Amino acid sequence: MLTTELQHKIDFKTKPLGALGHLEHLAHRIGMVQNTTSPQLSNPHLVVFAADHGIATAGVSAYPQEVTYQMVMNFLGGGAAINVFCRQHNIEIKIVDAGVNFDFPEGLELIDKKIRKSSRNILEEPAMTSEEYQKALQNGNSVVAEIAETGCNIIGFGEMGIGNTSASSLMMSKLFDIPIASCIGRGTGLNDDQLQNKISILSAAIEQYPGVKTPDEIARTFGGLEIVQMMGAMEEAFRQNMLIMVDGFIATIAVATAWKKNPEILKNCIFCHVSDENAHLQLLDLLGQKALLNLNLRLGEGTGCALAYPLIKSAVNFLNEMSSFEDAHVSNKE
């Protein structure tokens, strides 16, 4: 039985039992996903989905909406944190326009999956129509299906979108039936007054849609175009049996929504870090997951995935390359 074989291989490396801690659990999980005692990581990718949010115009963020397209240009120019970390660890990065409120010039290394310029303002109407929602899921599927053809078997997802912590807080509140106030954080760095304003705006938003119940209804009503495309991408990555590196609060909401539809997806997920966003630890607990890192990050972009990737690689490498007691002629514990 594979789980027993993997555990035996891990336990009989030249180390005290359990001495590599979480790396041992990680190695076991990766072996189970790949159905082998000798797993490999191939052609790692990180995809950043970018889109704007109608609710951003209500003042829920410390930054103006145009920062979304400006940061996309920064990603394309190689100057953002995620670019630095992906270069450092040889991770291929792809940037997707899922719904940025901007007309990008031709000739950029940008994957055009724009559904519309910004989601709708949820204070007035659902974030997406049913057609837009289905198209967003399909667009996410197609991005990953294309990447899978390169032989990639480990993929991380990041996001950029002013207002997307608000969308994520609303989704969390509805998905888990938690009061909205306990799902709200400072996002990009709100002060106390701005935070209170955000709480009152999101409380008003959630009261408008009492009948919204299912994961798809919740994501369509409260989500963002980049969050929904990430959901579709994660679902396709699971179908392709890739390892899925999950970044912070927003990426975890995307996978939590997918999990509500198909609980099996968590088998393939590696939660890379617990962010400084207020509700992220609570959300990980609800999913029964522990993150690899706690660096007080709250940047998004997939930065936690890129930073955790070397640890994931270390888990695979010790499993494949570290000597057993028998190989090394080292005496085991009696």
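Quick summary incoming for the structure in this document. The residue count restarts for each chain, going from 1 along the sequence in the order it is written. Local features in this predicted model are restricted to residues whose pLDDT is 70 or higher, and side-chain atom pairs enter the listing and the counts only when it is 80 or higher, whereas totals over whole chains, interfaces and linings include all residues. Only heavy atoms go into the side-chain values, all of them from the structure, while hydrogens and water stay out.

### Let's talk about the pattern of salt bridges
Working step 1: Here, a salt bridge means any side-chain nitrogen of Lys or Arg that lies within 4 Å of a carboxyl oxygen of Asp or Glu. In the structure shown here, the tally under the stated rule is twelve salt bridges.
Working step 2: Note that E132 is salt-bridged to R116, the shortest N-O span being 3.4 Å. Taken together, the positions of E132 in helix α5 (residues 130-148) and R116 in the loop between β3 (111-112) and α5 put the pair 16 residues apart, joining distant regions of the chain.
Working step 3: For each residue, the accessible area found with a 1.4 Å probe, counting protein chains only, is set against the maximum for its type, and the residue is called buried under 20%, exposed over 50%, and partly exposed in between. Given a relative accessible area of 13%, E132 falls into the buried group. Secondary structure follows DSSP: runs of H or I at least 4 residues long count as helices, runs of E at least 2 residues long count as strands, and numbering of each begins at the N terminus.

### Thoughts on the sheet that holds strand β2 (residues 92-99)
Working step 1: On the basis of which strands lie adjacent, the open sheet formed by six strands has the order β3-β2-β1-β4-β5-β6 and parallel pairing. Taken across any chain shown, the strands that pair with only one partner, and hence form the sheet edges, are β3 and β6 (269-271).
Working step 2: What makes two strands pair is DSSP finding at least two bridges between them. Where strand β1 (residues 45-51) and β2 come together, seven bridges link them in parallel fashion. When the sheet's bridge partners are listed, V48 is paired in β2 with I95.

### With respect to helix α3 (residues 67-77)
Working step 1: Residues V67, T68, V72 and F75 constitute the buried set of α3. Projected onto a plane normal to the axis of α3, the buried residues spread over an arc of 140 degrees and lie on a single side.
Working step 2: In what follows, residue pairs with any heavy atoms lying within 4.5 Å of each other are defined as contacts. In this structure, the buried residues of α3 make contact with β1, α4 (81-88), β2 and β4 (154-160).
Working step 3: After α3 finishes, the residue G78 shows a positive phi value of roughly 85 degrees. This arc is built from the directions going out from the helix axis to the C-beta atoms.

### Overview of the packing of aromatic side chains
Working step 1: Geometry of aromatic contacts follows a simple scheme: Phe, Tyr and Trp rings, the Trp one being its six-membered ring, pair when their centres are within 6.5 Å, and the pair is stacked under 30 degrees between planes, edge-to-face over 60, tilted otherwise. What the rule picks out here adds up to five aromatic pairs.
Working step 2: Consider the rings of Y209 and F222, whose centres lie 5.4 Å apart with planes at 85 degrees: the pair is edge-to-face. One end of the pair, Y209, is in the loop between α7 (192-207) and α8 (215-222); the other, F222, is in helix α8, with 13 residues separating them in the sequence.
Working step 3: Looking at F222, the relative accessible area reads 1%, which means it is buried.

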